[in-house]
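# Secondary and tertiary structure notes
The residues making up each chain are set out below.
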Amino acid sequence: MEKKHAVCPNCQTVNAVLTERIRQNPICAKCATPLLPARPIDLTDQTFDRFVSRSTLPVLVDFWAPWCGPCKMMAPAFNEAAATLQGQVILAKMDTEAQRAIPSRFTIQSVPSLVLFRNGKEVARTAGAMPAGQIQAWVRQQL
């Protein structure tokens, strides 16, 4: 029986989930929060490394800023993509104005920027707003 690891978006506990149960909305063993919500997870400089490196599912991070018009336009599409990709890829958001260390470490120069991580390592990156279907297609090309 193969297991995947998912980090709880609430308490940061690493949970082992049987692969066949990934699509059954598993909850955290410690705090009972859904591990793979159908919406993006907000990451901070403090939660990023643990969340991205300990999740065995790929993590797609939307680096955005509150002043960015294209970021605001893409937010509903990113939410829609999170629901569609639930159980396959974890979608997360990082506010580059409030969180400075991680965007700086990954040299985020324009927003929105989408960065796909697998096992804590960056595997793909693209910049610019996209509709939900294009986000999903881009992610699937990378997998």
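Residues numbered from 1 in each chain as written. Predicted model: local features only at pLDDT ≥ 70, side-chain atom pairs only at ≥ 80, totals over all residues. Heavy atoms only, no water.

## A closer look at the nonpolar core
To keep it simple, the criterion reads: Residues belong to one nonpolar core when they are buried, are Ala, Val, Leu, Ile, Met, Phe, Trp, Tyr or Cys, and are joined through side-chain atoms within 4.5 Å. Using a 1.4 Å probe on the protein chains alone, a residue whose accessible area is under 20% of its type maximum counts as buried, one over 50% counts as exposed, and one in between counts as partly exposed. Numbering of helices and strands runs from the N terminus; a helix is a DSSP stretch of H or I covering at least four residues, while a strand is a stretch of E covering at least two. Note on contacts: a residue pair is in contact if any heavy atoms of the two residues lie within 4.5 Å.
Formed by 29 residues in total, the largest nonpolar core has its most connected members in L43, F48, V61 and F63. Listed by contribution, the elements that provide at least two residues to this core are β1 (3–7), α1 (48–54), β4 (59–64), β5 (90–95) and β6 (113–118). Once residues within four sequence positions are removed from consideration, V61 is found in contact with L43, F48, A92, M94, S113, L114, V115 and F117. Counting residues in hydrophobic clusters, the runner-up holds 17 residues, among them L60, A77, L116 and I135.

## Brief notes about the side chain of S113
Quick note on the threshold: We define a polar contact as two N or O atoms separated by no more than 3.5 Å, with the added condition that, inside protein, one atom must be a possible hydrogen donor and the other a possible acceptor, whereas residues neighbouring each other in sequence contribute only through side-chain atom pairs.
Mapped onto the fold, S113 is located in strand β6. By relative accessible area, S113 is classed as buried at 4%. Of note is the side chain of S113, whose polar atom sits 2.5 Å from the backbone oxygen of S110. Sequence-distant contacts of S113, that is, excluding residues within four places in its chain, are made with V61, D62, F63, I108, T126 and A127.

## A few points about the sheet that holds β5
Selection rule: Following DSSP output, two strands are said to pair if at least two bridges run between them. With axes taken as lines fitted to C-alpha atoms, and helix axes fitted only over the stretch in contact, angles between N-to-C directions fall between 0 and 180 degrees.
Strand order in the open sheet formed by five strands is β3-β5-β4-β6-β7, with mixed pairing between adjacent strands. The open sheet is flanked by β3 (41–42) and β7 (121–127), the only strands paired with a single partner. Where helix α2 (residues 69–84) meets the sheet, its contacts fall on β4, β5 and β6, and the angle it forms with β5 comes to roughly 155°. Sheet contacts for helix α4 (residues 132–142): β4, β6 and β7; angle to β6, the most-contacted strand, approximately 35°.

Scope: geometric values only; no functional claims are made or implied.
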